[in-house]
Amino acid sequence: MDRQKLIIDTDPGQDDAIAIMLALASPHIDLLGIIAAAGNVSVEQTAENACKILELAKRQDIKVYKGCPRPIRRPPITAQHVHGQTGMDGPDLPTPLHTPEQQHGVTFLLETLAAHPAHTITLVTIGPMTNLAAALVQAPETVARLKQVVAMGGAWSETGNITPAAEFNAFADPDAMAIALNSGLPVTLVPLDITHRFLITPDRLEALAKLPGHCAKAAHAMLTFSARFDLNKYGWPGAPLHDPCTIGYVLCPHLFAGKTINVEVEVSSPLTLGATVVDWWQVTGRPPNATFLRSVDDNGLWTLILESLSRLS
Ligand code: RIB
Ligand code: CA
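Residues numbered from 1 in each chain as written. Chains lettered and ligands numbered in written order. Predicted model: local features only at pLDDT ≥ 70, side-chain atom pairs only at ≥ 80, totals over all residues. Heavy atoms only, no water.

(A) Representation of the site of ligand 1 in the model. Around ligand 1 lies a shell formed by Asp 11, Asp 15, Asp 16, Asn 40, Ile 126, Met 152, Asn 161, Glu 167, Phe 168, Asn 169, His 242 and Asp 243. One of the side-chain N or O atoms of Asn 40 is found 3.2 Å from an oxygen atom in ligand 1. Contacts to ligand 1 include Glu 167, whose side-chain N or O atom sits 2.6 Å from an oxygen atom. Expressed as a share of its isolated accessible area of 280 Å², the protein-covered part of ligand 1 is 97%. A majority-of-atoms criterion places ligand 1 in the largest pocket. For the shell around ligand 1, the secondary-structure elements that each account for two or more residues are helix H1 (14-25) and helix H7 (168-172). (Near = heavy atom within 4 Å. Polar contact = N/O pair within 3.5 Å; in protein donor to acceptor, adjacent residues only side chain to side chain. Areas by Shrake-Rupley, 256 points an atom, 1.4 Å probe, with all protein chains shown as cover. 1 Å grid on protein atoms, 1.4 Å probe; cavity = no way out; pocket = protein on both sides within 12 Å on 5 of 7 lines; lining within 4 Å. Sits in = over half its atoms within 2 Å of the grid points. Helix = DSSP H or I, 4+ residues; strand = E, 2+ residues; numbered from the N terminus.)

Spelled out as structure tokens, the structure:
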């Protein structure tokens, strides 16, 4: 099987870090580059965090590009209360030797799409969708060369995590998600309806702690740190693990199920800003614009992640 060409747009974020590790570990993925997004923390910090992950995995061959420093329209928000001051608290990671590229992340995305055959590159977004939206505004015909977009974001039956109505990536830049959903691109959403069914229970954390290698040890420290917030908030037997579900879908779509329907985003109401309005029962007559995933084989996904992390140094 040919390796899937991927660009990851990310706001590390402990869960982002594990998604990146999953991509690095897979022989079926050719990671063309990482675009740092403003989200969990500032774009400067997410870019440094991405460099730290690549340093840890000894993959300095992969380049990091800083994207937009703020959302399309809204004032920036961050999530240090979940992820810690660095955005990736937990492990003590050394300052990375290599730094982000000078080229802007949106320029990297557009130039890479122009340089590759059409419909061969998958963009995985695991933070606010600002950079994709900016690229769509700048050069929609170039962005149309994407094979697909797989985005962690939104919610239906799980409503929200950063507000009662909205998931963080959608809430942080609702205009960007609306632009992406109405771009005509093939978008697959990996929402809270999936990630709230993928819980890192104590026995899964224990299995992770037993893996060899620095990456697995760092992943364990990251999840142990970020779980404290969710365990206290939800009272579930484990904390939900969000972003790696996107890479799991790219690698093993058979572990997931969903429907192609219409999804719209609330971009103005102060009460429900960022809410994704999911027409699962197709009652609005609005044209389908996204594949919305709603079920996952969580044991199969965990096996994939554990097996992948065991292969990293
Ligand atoms: O709502 C979860 C999403 O918000 C994840 O991408 C997490 O990293 C945060 O960015
Ligand atoms: Ca993220």
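Still to come is the rest of the account.
(B) Fine view of unusual backbone geometry. Non-glycine residue His 119 carries a positive phi angle of around 60°. Take His 119: it is sitting in the loop between helix H4 (105-115) and strand E4 (121-125). The backbone of Gln 282 sits at a positive phi, close to 50°, despite the residue not being glycine. Note that Gln 282 resides in the loop between strand E11 (276-278) and strand E12 (290-296). When its relative accessible area of 49% is taken as the criterion, Gln 282 is described as partly exposed. (Buried < 20%, exposed > 50% of the residue type's maximum accessible area, 1.4 Å probe, protein only.)

(C) The arrangement of the pairing of strand E2 (residues 29-36) in detail. Within E2, seven of the eight residues are buried, leaving the element largely enclosed by the surrounding structure. Handedness of the strand E1 (residues 4-10)-H1-E2 crossover: right-handed. Crossover handedness for the path E2 to helix H2 (residues 43-56) to strand E3 (residues 64-66): right-handed. (Right-handed = clockwise from strand over helix to strand, strands pointing away.)

(D) Fine view of the coordination of the calcium ion (ligand 2). Protein coordination of the calcium ion (ligand 2) is provided by Asp 11 (OD), Asp 16 (OD), Asp 16 (OD), Ile 126 (O) and Asp 243 (OD), with donor distances spanning 2.2 to 2.5 Å. Along the chain, the residues donating to the calcium ion (ligand 2) are arranged with the sequence spacing D-x4-D-x109-I-x116-D. Separated by 232 residues along the polypeptide, Asp 11 in the loop between E1 and H1 and Asp 243 in the loop between strand E8 (239-240) and helix H12 (244-251) bring together distant segments of the chain. By the burial criterion, Asp 11 is buried, and Asp 243 matches it. (Donors = N, O, S within 2.8 Å, 3.2 Å for Na, K, Ca; no water.)

(E) Quick peek at the side chain of Asn 131. Within the element layout of this structure, Asn 131 appears in helix H5 (residues 130-138). Apart from the residues within four sequence positions on either side, Asn 131 is in contact with Asp 9, Ile 35, Ala 36, Ala 37, Gly 67, Cys 68 and Val 106. (Contact = heavy atoms within 4.5 Å.)

(F) View of the state of the cysteines. Using the criterion set out here, one finds zero disulfides in the structure. Summary of cysteine pairing: Cys 215 is not part of a disulfide, and the nearest cysteine sulfur, belonging to Cys 51, is at 15 Å. Sulfur of Cys 245: no disulfide; nearest cysteine sulfur belongs to Cys 252 and is 12 Å away. (Disulfide = S-S within 2.5 Å.)

(G) Examining the pattern of salt bridges more closely. Scanning all chains against the criterion turns up nine salt bridges. Here Arg 294 makes a salt bridge to Asp 193, at a shortest N to O gap of 3.8 Å. Within this pair, whereas Arg 294 is found in strand E12, its partner Asp 193 is found in helix H9 (residues 192-195), the two being separated by 101 residues in sequence. The exposure class of Asp 193 is buried, given its relative accessible area of 0%. Between Glu 206 and Lys 210 there is a salt bridge; the shortest N-O distance is 3.6 Å. In this structure, a network of salt bridges that share partners links the residues Arg 3, Lys 5 and Asp 30. (Salt bridge = Lys/Arg side-chain N within 4 Å of Asp/Glu carboxyl O.)

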